[in-house]
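Observations on the three-dimensional arrangement
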Amino acid sequence: MKPTDIGAPEYFHKVVDCQWACPAHTPVPEYIRMIAAGRYADAYMVNWTSNVFPGVLGRTCDRPCEPACRRGRVEDEPVAICRLKRVAADYKGDIKDRLPQPATSRNGKRVALIGAGPASLTVARDLLPLGYHVVLYDQDPKAGGMMRTQIPKFRLPESVLDEEVDYILGLQPELRLGKRIDSLKALLDEGYDAVFVGSGAPRGRDLEIPGRQEAKANIHVGIDWLSSVSFGHIDKIGKRVIVLGGGNTAMDCCRSSKRLGGETVTVVVRSGFEEMKASPWEKEDAMHEGIPILNFLVPKAFIHKNGRLTGMTFDKVKAEYDAKGRRNLVPTGEPETLIECDDVLVAVGQENSFPWIERDIGLDFDKWGMPVVDTTTLQSTNPKVFFGGDAAFGPKNIIWAVAHGHDAAISIHKMLQGEDIKDRPPPTVNLASQKMGIHEWSYDNDVSNDLRYKVPWRDPSETLKNIRLEVELGFDPKLGFAEAQRCLNCDIQTVFEAKLCIECDACVDICPMDCITFTPNGEEDELRQRLMAPARNKTQDLYVSPELKTTRVMVKDEDVCLHCGLCAERCPTGAWDMQKSLIQMTHAEHACSRSHA
Amino acid sequence: MTYLAKPKLRHPDLPINKLGYTRRDYEGSVSTLCAGCGHDSISAAIIQACFELDLPPHRIAKLSGIGCSSKTPTYFLGHSHGFNSVHGRMPSVLTGANLANRDLLYLGVSGDGDSASIGLGQFAHCIRRGVNMVYIVENNGVYGLTKGQFSATADRGSKSKRGAINGDSSIDLVSMALQLGATYIARSFSGDKTQLVPLIKAAILHKGAAFLDVISPCVAFNNHLGSTKSFDYVREHNEAVNRLDMMTPRAAITAEYAPGTVESVTQHDGSTIHLRKLAANYDPHDRIAAMTYLQERASAGEVVTGLLYVDNDPSDLHDSLNTVAAPLNGLGETELCPGPAALDKINASLR
Ligand SMILES: Cc1cc2nc3c(=O)[nH]c(=O)nc-3n(C[C@H](O)[C@H](O)[C@H](O)COP(=O)(O)OP(=O)(O)OC[C@H]3O[C@@H](n4cnc5c(N)ncnc54)[C@H](O)[C@@H]3O)c2cc1C
Ligand SMILES: Cc1ncc(C[n+]2csc(CCOP(=O)(O)OP(=O)(O)O)c2C)c(N)n1
Ligand code: SF4
Ligand code: SF4
Ligand code: SF4
Ligand SMILES: [Mg+2]
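Here we summarise the structure given alongside this text.

Calculation criteria
- Residues numbered from 1 in each chain as written.
- Chains lettered and ligands numbered in written order.
- Predicted model: local features only at pLDDT ≥ 70, side-chain atom pairs only at ≥ 80, totals over all residues.
- Heavy atoms only, no water.
- Helix = DSSP H or I, 4+ residues; strand = E, 2+ residues; numbered from the N terminus.
- Contact = heavy atoms within 4.5 Å.
- Pairing = 2+ DSSP bridges.
- Axes fitted to C-alpha atoms, helices over the stretch in contact; angles between N-to-C directions.
- Core = buried A, V, L, I, M, F, W, Y, C linked by side-chain atoms within 4.5 Å.
- Buried < 20%, exposed > 50% of the residue type's maximum accessible area, 1.4 Å probe, protein only.
- Salt bridge = Lys/Arg side-chain N within 4 Å of Asp/Glu carboxyl O.
- Near = heavy atom within 4 Å.
- Polar contact = N/O pair within 3.5 Å; in protein donor to acceptor, adjacent residues only side chain to side chain.
- Areas by Shrake-Rupley, 256 points an atom, 1.4 Å probe, with all protein chains shown as cover.

Looking now at the environment of serine 110 of chain B. All names here are of chain B. Assignment of secondary structure puts serine 110 in strand E3 (residues 105-111). Taking the C-alpha atoms as reference points, serine 110 and alanine 164, separated by 54 residues in sequence, lie 25 Å from one another. In contact with serine 110, other than residues within four places in its own chain, are Ser69, Ser70, Met90, Ser115, Tyr135, Ile136, Val137 and Glu138.

Before going further, it helps to spend a moment on the sheet that holds strand E8 (residues 209-215) of chain B. Residues and elements named next belong to chain B. Spatially, eight strands are ordered E2-E1-E3-E4-E8-E7-E13-E9 in an open sheet, and the strand pairing comes out mixed. At either margin of the open sheet sits one strand with a lone partner, and together these are strand E2 (81-84) and strand E9 (238-240). Neighbour-to-neighbour, the strand axes of the sheet open up by a mean angle of 20°, direction not taken into account. Bridge count for strand E7 (residues 184-189) against E8 is six bridges, and the pairing is parallel. Within the sheet, the bridge partner assigned to tyrosine 184 lies in E8 and is alanine 210. Strand contacts of helix H1 (residues 38-52): strand E1 (60-64), E3, strand E4 (133-139) and E8, with the helix running at about 155° to E4, the strand carrying the most contacts.

All names here are of chain A. Core analysis: the largest hydrophobic core is formed by 67 residues, its most contacted members being Leu184 and Phe387. If we ignore the near neighbours within four places in the chain, the residues touching phenylalanine 387 are Phe196, Val197, Phe354, Ile357, Leu363, Pro371, Val373, Leu378, Ser380 and Ala392. Judged by nonpolar contacts, the second largest core, of 38 residues, contains Ile492, Ala498, Cys507 and Ala568.

As enumerated under the stated definition, the model contains 67 salt bridges over all chains in all. Here aspartate 40 of chain B and arginine 570 of chain A are joined by a salt bridge, their closest N and O atoms 3.4 Å apart. On the criterion of chain membership, the pair formed by aspartate 40 of chain B in helix H1 and arginine 570 of chain A in helix H22 (residues 566-570) is interchain, its members lying in two chains. Arginine 570 of chain A carries the same exposure label as aspartate 40 of chain B, and that label is buried. When the shortest N-O distance is used, the salt bridge between glutamate 27 of chain B and arginine 24 of chain B registers 3.0 Å. The residues glutamate 27 of chain B and arginine 24 of chain B share a single accessibility class, namely buried. When salt bridges with common partners are traced through the structure, they connect Asp17, Arg70, Arg73 and Asp559 of chain A into a single cluster.

Here the focus is the site of ligand 2. All names here are of chain B. Near ligand 2 you find 17 residues, and of these Ser69, Asp112, Gly113, Asp114 and Gly144 are the closest. Residue serine 69 places a side-chain N or O atom 2.8 Å away from an oxygen atom belonging to ligand 2. Contact distances for ligand 2 include 2.8 Å between an oxygen atom and a backbone N or O atom of aspartate 114. Here ligand 2, which alone exposes 590 Å², has 74% of that area covered by the protein. Counting only elements with at least two residues in the shell around ligand 2, the list comes to helix H2 (68-71), helix H4 (112-117) and strand E5 (142-143).

In structure tokens form, the structure reads like this:
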């Protein structure tokens, strides 16, 4: 293998598994250390800069970082990264004076944002301080998108959302709330320099099976029902409720029903429990509230009597796998199952729909009716029009919407400054040694086995009665500190200086995880087999040194390194050093100062 | 030294031996030696060897004298018996322990100061008695613990860290062990575990006095230019006569060798050592030839390593004393004090 180029910005970034997995690349270990040090406001600002909605995301994020977390590879469970974010938000105090101020002068460019969900709000936040005139449209009376209309208040209190939306509205976009865009063509004709479409994936899929029409008064499409609940238009439901579907929407529907009068609420999914789309913790939360999840039941018909829904029938199926490993659901032949009910919530999927975008404005759609959008620049085939969030590539989540927002803002900014939008600004990378003395390091590197702490909950006797009462209480500072200490500090990198190494093996002997090997060089696949411990996780890089005096090379498997620094502590020559790699994504604001520097 | 404890976490794919242990289970407390000390690598090699041989830790006794090297038993085999004796006296304590309980595996760990200076007599008598043990000298050419004075194994003409030249002749413990009748003799280097680990394993399986001289650079006091025990010097002058590739009874040879380059040595317990020859004419069964070869290469400035001598049919102290097969410490009062009739018989035989 060739010697590793640790100068390449991705190399150390990939080692910080959580940050690499985060769509917005939030510097996770950096803010976790701040939380451990009680620097909540600082931790909040690291988050706010990167992901715009720390208080919201600290309660609702899909947390792609957690399955990636290294702690999960060396122990059972990852660090509770998401809930630590909430600790920063809960205890930060007043941070208003740290926020950017509204631009004092405008640059004369006008940008329209369609939809006021997290994607558009991120574009607004990035562009407003640069002097853009941003016009924010939404058909709803308040900004926030699905964070407001879909996510139930018992998971995300309105005050938390309001606070973070207001930070952006404070930058003074021109608000056109309660205004639905019915024609993109007409909007473009108003002479905007750029348009960002952040209109989400607003249509819930329906289920056309016998009885749907006849019983329609008691059959509701999940996301429509949730937004009516959110706006207070609906405040009760029948005693017996069936929720169809296995995604997070279904979980929000069933838990909401339980709070609006549903006594027996049952979730029914077509396939297996394991294959459900909902995150494991969402399923746990629902079951914790006494909601059973029945699987392998395919809806057959809505049963009704005198125009009133009385129940539903299902066919029992089982999973069979064909030669290609594809799964088929085949009937078991058992008699159909009848579940009696008063209401059904259909939460079987969400779709995009763009009836208001004309097809003759140079904006191409693919055969599935989705706009053709560049995954990096987020530009459509109409150079003035950009997409982001659920509108761009189908329903995802808030953090992806934020990441798209940042990327689209860079594109819009570059385009309107006359630069090539394909030329993306690289992240800033800082490497700094953490050595403070012979045995002193600037971070807490004493790693121990330490199981994940549970977030305390409010008593269900209260929360099941009040749909606006938040269920989770969040970590208090003490628990937050304990959980923060589980972080392995993966951004404190092991940096190897081949010239200094005397090949004494001290690092090899001390490394608790058998990461380090001195061996003759070879091809990667073969080399992975003959290290101190086999390096089977190919998603994790091998760090290979230039040739050493004995003609061997140092090979470090990054996979399960604890970043404990024992190698550096043991090295007699300082060939190993622990250096913090602070990687920050460049947003439109930085790109601006750079291009003018 | 390191102040942090080594975390208990381990690599999830770490191999597990027949007893269900990983290599980590053979570790001891975290080392307090200087970072980079060769002795720590030897500890790691001992750990690896015991792990690979599936040895139950509670059947091993570690004995040592005084010195950085003699401190190391604390840093490996944390679940074994240990005795940190007086400077240079490890051999007699080990001999006594071995006489009392012949069933344990005896690991004597010593330094060049401990064995070649103050303990030279002890070393000599223990070897000539053929005590069944593995005797490892962690040889750095200095008294590390007392800040780097030349030891008796320092080569004449080598230079101390402060520039003093050693004017005394050096003691070569390997040559002495050959002369004194050790039945397994090897030399290796702390910086070459691929050579060292199999040598330790074979020594453990050897029934008799097995002696290993392991050159082990002292990074604090003897790893400079002008030292003949530094990493660089040893690497440049290392002449390995052979390599031990495989040595358990179970393992089959997987590598392919040119005919005539591999020799199989079957040990007393049925285990086989496969020796890959590097010096074509070197015969590890010829004690006299070995002595000559060593002197020759040493005068050419080379450090000869590898398995230097092995007796295929060794015997030990218990054989020559004709002791009972059961460990003496397990005998009861009736066996130990057979009564006046037995005494009379013995007395009569001496008349
Ligand atoms: C029930 C439910 C629960 C969810 N829970 C989570 C969660 O816990 N965590 C998570 O990360 N994600 C969750 N999501 C997904 C998340 O809400 C979305 O992925 C995210 O809000 C998408 O952001 P966006 O900016 O793309 O669009 P949206 O948030 O969907 O906002 C789009 C906005 O555009 C407006 N709009 C649409 N068309 C027009 C038009 N023509 N004119 C004017 N305005 C228009 C809409 O009114 C809406 O306000 C959930 C989704 C649902 C349905
Ligand atoms: C009876 C006695 N004499 C002298 C000493 C001082 N002393 C302690 S360690 C040591 C030398 C150790 O040298 P070596 O065995 O080579 O061990 P190293 O530290 O080099 O590994 C000496 C002379 C002592 N502890 N006891
Ligand atoms: S920091 Fe060094 S010693 Fe610790 S696990 Fe990583 S490579 Fe091993
Ligand atoms: S401890 Fe330092 S000098 Fe020794 S092998 Fe490791 S990197 Fe090289
Ligand atoms: S003084 Fe020398 S022998 Fe002793 S621990 Fe330090 S390096 Fe090792
Ligand atoms: Mg010594």
